[in-house]
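Listed below, chain by chain, are the residues.
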Protein chains: 2
Amino acid sequence: MSENTGNTRARIQSVALELFTEQGYEKTSLREIAERLGVTKAALYYHFKSKDDIVNSFVEDRLDRLDGLIKMGAEPPVDVAARRRELLSRYADEFFGSTGHSVMRFFDQNQTVLKSLPAGQMMRERLLQLATVLAWPQDSPTAQLRATLALFAVHSSWFAIRSPEITDAQRRELALEIAHELLDRIDGTP
Amino acid sequence: MSENTGNTRARIQSVALELFTEQGYEKTSLREIAERLGVTKAALYYHFKSKDDIVNSFVEDRLDRLDGLIKMGAEPPVDVAARRRELLSRYADEFFGSTGHSVMRFFDQNQTVLKSLPAGQMMRERLLQLATVLAWPQDSPTAQLRATLALFAVHSSWFAIRSPEITDAQRRELALEIAHELLDRIDGTP
DNA sequence: GTCTATATAAAGATAGAC
DNA sequence: GTCTATCTTTATATAGAC
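Residues numbered from 1 in each chain as written. Chains lettered and ligands numbered in written order. Predicted model: local features only at pLDDT ≥ 70, side-chain atom pairs only at ≥ 80, totals over all residues. Heavy atoms only, no water.

Novice: Requested: an account of the relation of the copies chain B and chain A, with residues and values cited.
Specialist: Overlaying chain B on chain A yields an RMSD of 0.0 Å, the required transformation being a rotation through 180 degrees with an accompanying axial translation of 0.0 Å. One copy is carried onto the other by what is essentially a two-fold rotation axis. When each C-alpha of chain B is compared by its distance to the rotation axis, Glu26 of chain B comes out closest, at 3.1 Å. When the interface residues of chain B are mapped onto chain A, 100% of them again lie at the interface, so the same face is used by both copies. (Least-squares fit on C-alpha atoms with pLDDT ≥ 70 in both. Contact = heavy atoms within 4.5 Å.)

Structure (structure tokens):
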């Protein structure tokens, strides 16, 4: 009947993710995470071998899922435009999915610091690849910009839509609506 | 004939801005800045009273300039669509202007950490206001998202266009082209 | 699995000489 | 205006008891 056996690891991840996202990775100390959980720093080191290791723990799963998308994007498409829409729609699923949401926000908020962590470098690389399968290097500069903005439509729907009564599902739909407009113009206006 | 009299302050700003942008504010120590300049930390404290004070020093000028834009956006426009284009075009001028460029990139890269600095809060507030004069709260959620993406088109043209031979002036033009498309649709598709 | 206690390193910041 | 030297605080991380 003991309340927290085995799930401490998950609770650490949850609190760390929240604080890292809210205040930044560097600004959040292990002491602060430990206090929030009512344990000591030493307890954290039982579950994770270092501070970056906490980041690694929630990155691996995301990498695999993004790799799936990129692989799909690399295969020759029957219909280029439809493929782009499908990629972005699936990306939105990832982004708005249960765990994906908070992890991706964490990346948005800690881009710069994450450049120096291996886990962060991997994620950056994946997002770049994703942008690349949406608009290839041989496409025009405008096409590249449109593709990046389509991805960012998904990301920014989180904070750019300030109407508080909007649900996550609605944000996803609105983001995709605009993202699709952008994508469809990639070949549309040469 | 002494080489560096009086301009040390400016050299500190320049190096700090570069390192803060590249590695993040928290990850960059005063020791590192000092070493890069060939001086000691104590010298830094002669010119700036604290680490955040360095940030303040390059923020104030930007704030004034953004305030000018916001004020212009708050006045009743003759033609709403033309006003939006004008605002964004001026914003692009700021962004691609000599000093503006690097300072705005610094903000992009340090959003999260800057939440805890007064200077950062001010800048966030201004960018939010700018988004708000582009699409008002009574506009649709889609309009809000389009407005934010238009701003981001300017920001992301910096890294999203990966063709290396493109000049800054061209990036500005391409960004505005897409930004204007987005803005024009704010009232266009209800 | 969690604790106390501590090692170690590095940060921001200041005092006072030159 | 820049230096040396130092203070103070805080961080990540570890050792070993319970």
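Novice: Outline the domain arrangement of chain A, listing residues and values.
Specialist: Residues and elements named next belong to chain A. Domain parsing of chain A yields domain 1 (1-48) and domain 2 (55-188). For domain 1 and domain 2, the distance between their C-alpha centres works out to 28 Å. Counting the surface lost from both domain 1 and domain 2, the interface buries some 880 Å², and carbon and sulfur atoms represent 72% of this. The largest contributions to the domain 1 side of the interface with domain 2 come from Leu17, Thr21 and Tyr25, which together make up 62% of the buried area. Inspection of the region where domain 1 meets domain 2 yields 0 salt bridges. Scanning the region where domain 1 abuts domain 2 turns up 3 residue pairs in polar contact (both at pLDDT 80 or more). Residue classes in the side of domain 1 that touches domain 2 are distributed as 4 nonpolar, 3 polar and 2 charged. (Domains from an automatic or database assignment. Buried area = accessible area lost by both parts, 1.4 Å probe. Salt bridge = Lys/Arg side-chain N within 4 Å of Asp/Glu carboxyl O. Polar contact = N/O pair within 3.5 Å; in protein donor to acceptor, adjacent residues only side chain to side chain. Nonpolar A, V, L, I, M, F, W, Y, C, P; charged D, E, K, R; others polar.)

Novice: Talk me through the protein's contact with DNA strand C; I want residue IDs and the actual numbers.
Specialist: In the vicinity of DNA strand C, 17 residues are found, and the nearest of them are Thr40 and His47 of chain A together with Leu30, Arg31 and Tyr45 of chain B. Within 4 Å of the protein, the atoms of DNA strand C are drawn from sugar and phosphate moieties in a proportion of 58%. Interatomic distance of 3.0 Å between a side-chain N/O atom of Thr8 of chain A and a phosphate oxygen of DNA strand C. At 2.9 Å, a backbone N or O of Leu30 of chain B approaches a phosphate oxygen of DNA strand C. Those elements giving two or more residues to the surface near DNA strand C turn out to be α3 (41-47) of chain A together with α2 (30-37) and α3 (41-47) of chain B. Top contributing element to the surface near DNA strand C by residue count: α3 of chain A, with 4 residues. Class assignment for the residues of the surface near DNA strand C results in 7 nonpolar, 7 polar and 3 charged. (Near = heavy atom within 4 Å. Helix = DSSP H or I, 4+ residues; strand = E, 2+ residues; numbered from the N terminus.)

Novice: Could you give an account of the interface of chain B and chain A, with specific residues and numbers?
Specialist: Chain B puts 41 residues into the contact, and the matching count from chain A is 41 residues. Counting the surface chain B buries against chain A, the share from its top three residues, Thr112, Leu145 and Arg162 of chain B, is 18%. At the boundary of chain B with chain A, the tally comes to 8 salt bridges. Arg146 of chain B is the salt-bridge partner of Glu181 of chain A, the closest N and O atoms lying 2.7 Å from each other. Taken together, the links from chain B to chain A amount to 15 residue pairs in polar contact (both at pLDDT 80 or more). Of all the secondary structure elements, the ones that give two or more residues to the side of chain B that touches chain A are α1 (8-23), α6 (98-114), α7 (118-134), α8 (141-160) and α9 (168-188) of chain B. No other element matches α8 of chain B, which puts 13 residues into the side of chain B that touches chain A. Among the residues forming the side of chain B that touches chain A, the class breakdown is 18 nonpolar, 14 polar and 9 charged.

Novice: An account of helix α8 (residues 141-160) of chain A is needed here, citing residue identities and associated values.
Specialist: Think of an α-helix as turning once every 3.6 residues; residues three or four places apart then point the same way. Residue and element names in this part refer to chain A. Relative to the 28 Å expected for 20 residues at 1.5 Å per residue, α8 spans just 25 Å between its end C-alpha atoms, considerably shorter than the ideal helical length. The largest bend in α8 comes to about 40 degrees, at Val154. Among the 20 residues in α8, 18 count as buried, and that is most of the element. (Expected span 1.5 Å × (residues − 1). Bend = angle between axes of the 7 residues up to and from the residue. Buried < 20%, exposed > 50% of the residue type's maximum accessible area, 1.4 Å probe, protein only.)

Novice: Go over the environment of Ser157 of chain A, please, and point to the residues and values.
Specialist: With respect to the secondary-structure elements, Ser157 of chain A resides in helix α8. With sequence-adjacent residues up to four places away left out, Ser157 of chain A is seen in contact with Phe96, Arg171 and Ala175 of chain A together with Leu145 of chain B.

Novice: Outline the protein's contact with DNA strand D, supporting the account with residue identities and numerical values.
Specialist: Neighbouring DNA strand D are 17 residues; Lys41 and Tyr45 of chain A together with Thr40, Tyr46 and His47 of chain B lie closest to it. Among the atoms of DNA strand D close to the protein, meaning within 4 Å, 57% are from sugar or phosphate groups. Here Thr8 of chain B contributes a side-chain N or O atom positioned 3.0 Å from a phosphate oxygen of DNA strand D. One of the side-chain N or O atoms of Tyr46 of chain B is found 2.6 Å from a phosphate oxygen in DNA strand D. Taken together, the elements giving at least two residues each to the surface near DNA strand D come down to α2 (30-37) and α3 of chain A together with α3 of chain B. It is α3 of chain B that contributes the most residues to the surface near DNA strand D, 4 residues altogether. Classifying every residue of the surface near DNA strand D by side-chain character gives 7 nonpolar, 7 polar and 3 charged.

Novice: So, the pattern of salt bridges: which residues are in play, and what are the values?
Specialist: Per the counting criterion, the structure on display carries 30 salt bridges over all chains. Note that Arg85 of chain A and Asp184 of chain A form a salt bridge whose closest N and O atoms lie 2.5 Å from each other. Separated by 99 residues along the polypeptide, Arg85 of chain A in helix α5 (residues 80-96) and Asp184 of chain A in helix α9 (residues 168-188) bring together distant segments of the chain. Looking at Arg85 of chain A, the relative accessible area reads 34%, which means it is partly exposed. Measuring nitrogen to oxygen at the nearest pair gives 2.9 Å for the salt bridge that ties Arg62 of chain B to Glu94 of chain B. Highlighted residues: Arg62 of chain B in helix α4 (residues 51-74) and Glu94 of chain B in helix α5 (residues 80-96), separated in sequence by 32 residues.

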